[in-house]
Amino acid sequence: MTSTSTSPSSPLRWARHLWLDAGNVRSTLTPAGLGRLEARVRESETRHRGELRLCVEGGLPAGALWAGVDAHSRAVDLFGRLRVWDTEQNNGVLIYLLLADHRIEILADRGLASQTPPDTWRQLTDALAGSLREGRFEEGLAHAIDQVGALMRERYPLRPGDQDRNELPDAVVVL
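Small disclaimer: the values here were computed from a predicted structure and weren't measured. (Residues numbered from 1 in each chain as written. Predicted model: local features only at pLDDT ≥ 70, side-chain atom pairs only at ≥ 80, totals over all residues. Heavy atoms only, no water.)

1. Some remarks on unusual backbone geometry
Counted only if it meets this: Only DSSP runs of H or I reaching four residues or more are called helices, and only runs of E reaching two or more are called strands; each is numbered from the N terminus. Exposure classes here rest on a 1.4 Å probe applied to the protein chains alone. A residue is buried below 20% of its type maximum, exposed above 50%, and partly exposed in between.
Residue Arg83 is not a glycine yet carries a positive backbone phi of 60°. Note that Arg83 resides in the loop between helix H5 (71–81) and strand E2 (92–98). When its relative accessible area of 43% is taken as the criterion, Arg83 is described as partly exposed. Positive phi, close to 50°, is recorded for Asn90, a residue that is not glycine.

So this is what it looks like as structure tokens:
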């Protein structure tokens, strides 16, 4: 995870969040880039029984800022709202990027989290943070999708003859 040096209640943080919105996400990643990321999620899910959601948010809503919500708390909220927890094998993963705070959160449901060392998630977020610092947003998110997909293939492989049921939408959630 990466962080900015401003406090949660600073005027600079408020300005960044109120300035950045879904339009900024779409200009940073472009509609074509979002389409490629969605296709990557879809393709990844053809090779394992896990479920992956990708959510990119420009800035938090004013109410969330007022309440002092941070990227982790927002990711936990979205994990529930997007029903990532609601998979048959409890093996959903949310990759969440909050552009205004330059924060990345990767949350795994209990089925996958219990089988994965916590350092694994830190390494994934660190690699993604490096790509984002260099302005390679799509490339970094694609790499994160690939890495989470590899974990899911190890722990929830599709066996010959298995049919994967797509339990969650593959589209990138843009907020």
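2. Considering helix H1 (residues 11–19)
Inclusion rule: As used here, the arc belongs to the directions running from the helix axis to the C-beta atoms. We call two residues in contact when some of their heavy atoms are within 4.5 Å.
Within H1, the full set of buried residues consists of Arg13, Arg16 and His17. Projected onto a plane normal to the axis of H1, the buried residues spread over an arc of 95° and lie on a single side. More than 90 degrees from the buried face of H1, the exposed residues found are Pro11, Leu18 and Trp19. Residues of H1 that are buried make contact with helix H4 (62–66) and E2.

3. Remarks on the sheet that holds strand E1 (residues 51–57)
Basically, it comes down to this: Following DSSP output, two strands are said to pair if at least two bridges run between them.
Read from one edge of the open sheet, four strands run E3-E2-E1-E4, paired in mixed fashion. Looking at strand neighbours, the two that pair on one side only are strand E3 (103–108) and strand E4 (173–174), the edges of this open sheet. Sheet analysis places E1 next to E4, joined by two bridges and oriented parallel. Bridging from a neighbouring strand, Cys55 pairs with Val173 of E4.

4. Remarks on the pairing of E2
Every other side chain in a regular strand lies on the same face of the sheet, so the side chains alternate between the two faces. Across the seven residues of E2, seven count as buried, placing the element largely inside the fold. Summarising the sheet, E2 and E3 pair through six bridges and their orientation is antiparallel. Within E3, the position partnered with Ile95 by the bridge is Ile106. Hairpin remark: E2 followed by E3, antiparallel, with four residues in the connecting loop; positive phi at His102, about 55°.

5. Things to note about the packing of aromatic side chains
How two aromatic rings sit relative to each other is set out by the distance from centre to centre and by the angle between their planes. To be explicit about the condition: Centres within 6.5 Å make a pair out of two Phe, Tyr or Trp rings, where for Trp the six-membered ring is used; the pair is then stacked when the planes are under 30 degrees apart, edge-to-face when over 60, and tilted otherwise.
Evaluation of the coordinates by the stated rule reveals one aromatic pair. Taking the centre distance of 6.3 Å and the plane angle of 80° together, the rings of Trp14 and Trp66 count as edge-to-face. Taken together, the residues Trp14 in helix H1 and Trp66 in helix H4 connect sequence positions 52 residues apart. Judged by its relative accessible area of 21%, Trp14 falls in the partly exposed class.

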